[in-house]
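Residue-level structure breakdown
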Amino acid sequence: MVKPLIPRGMRAFNKAVTNRIQGVYAPYVPPLAMIVHKGRRSGREYRTPVTAFRSGRTLIVGLPYGADTDWVRNLLAEGRGGVERLGRVRRVAGPRVLTADEARELPPVGRFAARYMDVLVADIED
């Protein structure tokens, strides 16, 4: 695991302010997307804006805050979730976090992101 790019202290601000603003347009403006996930304890549905890329049937999401954020932990615990991208909602399954060494088989955008941060990879189900 690499050191997160964005300081931990920025999480609360971005969660309360930035995510609410991005949530309005993220599902429609690439490379942004919304990850739909269930809370580990509450079972409540959450939507988190992210920067995501698609390569075939694989979704690639950079993790600038690291792999220990709530949405990543929720998605990994459930083993599935959703992604809303370009106005379409799709299911994702088999989420996993990859380091730079593990990301060698990803397309160039995934390998580039993995040089600076961990990446989450999931299979897109149509």
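The structure this text deals with has already been given above.
Definitions and limits used
- Residues numbered from 1 in each chain as written.
- Predicted model: local features only at pLDDT ≥ 70, side-chain atom pairs only at ≥ 80, totals over all residues.
- Heavy atoms only, no water.
- Helix = DSSP H or I, 4+ residues; strand = E, 2+ residues; numbered from the N terminus.
- Rg over C-alpha atoms; globule rule 2.2 N^0.38 Å.
- Buried < 20%, exposed > 50% of the residue type's maximum accessible area, 1.4 Å probe, protein only.
- Contact = heavy atoms within 4.5 Å.
- Areas by Shrake-Rupley, 256 points an atom, 1.4 Å probe, with all protein chains shown as cover.
- Pairing = 2+ DSSP bridges.
- Axes fitted to C-alpha atoms, helices over the stretch in contact; angles between N-to-C directions.

In terms of regular secondary structure, the chain is built from 3 helices and 6 strands. In terms of overall size, the chain behaves like a compact globule, its C-alpha atoms giving a radius of gyration of 13 Å where 126 residues would be expected to give roughly 14 Å. C-alpha extents for the chain along the principal axes are approximately 35 × 35 × 30 Å. By the burial criterion, 39% of the 126 residues in the chain qualify as buried. In the chain, 59% of the contacts between residues at least 6 apart in sequence involve partners at least 24 apart. Split by element, the accessible area of the chain, about 7,400 Å² in all, is 54% carbon and sulfur.

Read around the closed barrel, 6 strands run β1-β2-β3-β6-β5-β4, paired in antiparallel fashion. Each adjacent strand pair in this sheet contributes to an overall mean axis angle of 45°, direction not counted. Bridge analysis of strand β1 (residues 32-38) against strand β4 (residues 80-85) gives 3 bridges, and the strand direction is antiparallel. Residue pairing across strands places V36 opposite G82, the latter belonging to β4.

The pairing of β4 with strand β5 (residues 88-98) spans 6 bridges and is classified as antiparallel. Within β5, the residue paired with R80 across the bridge is A93. Linking β4 back to β5 in an antiparallel pair, the connection comprises 2 residues, with L86 at a positive phi of about 55°.

Limitation: the analysis is restricted to geometry and does not speak to function.
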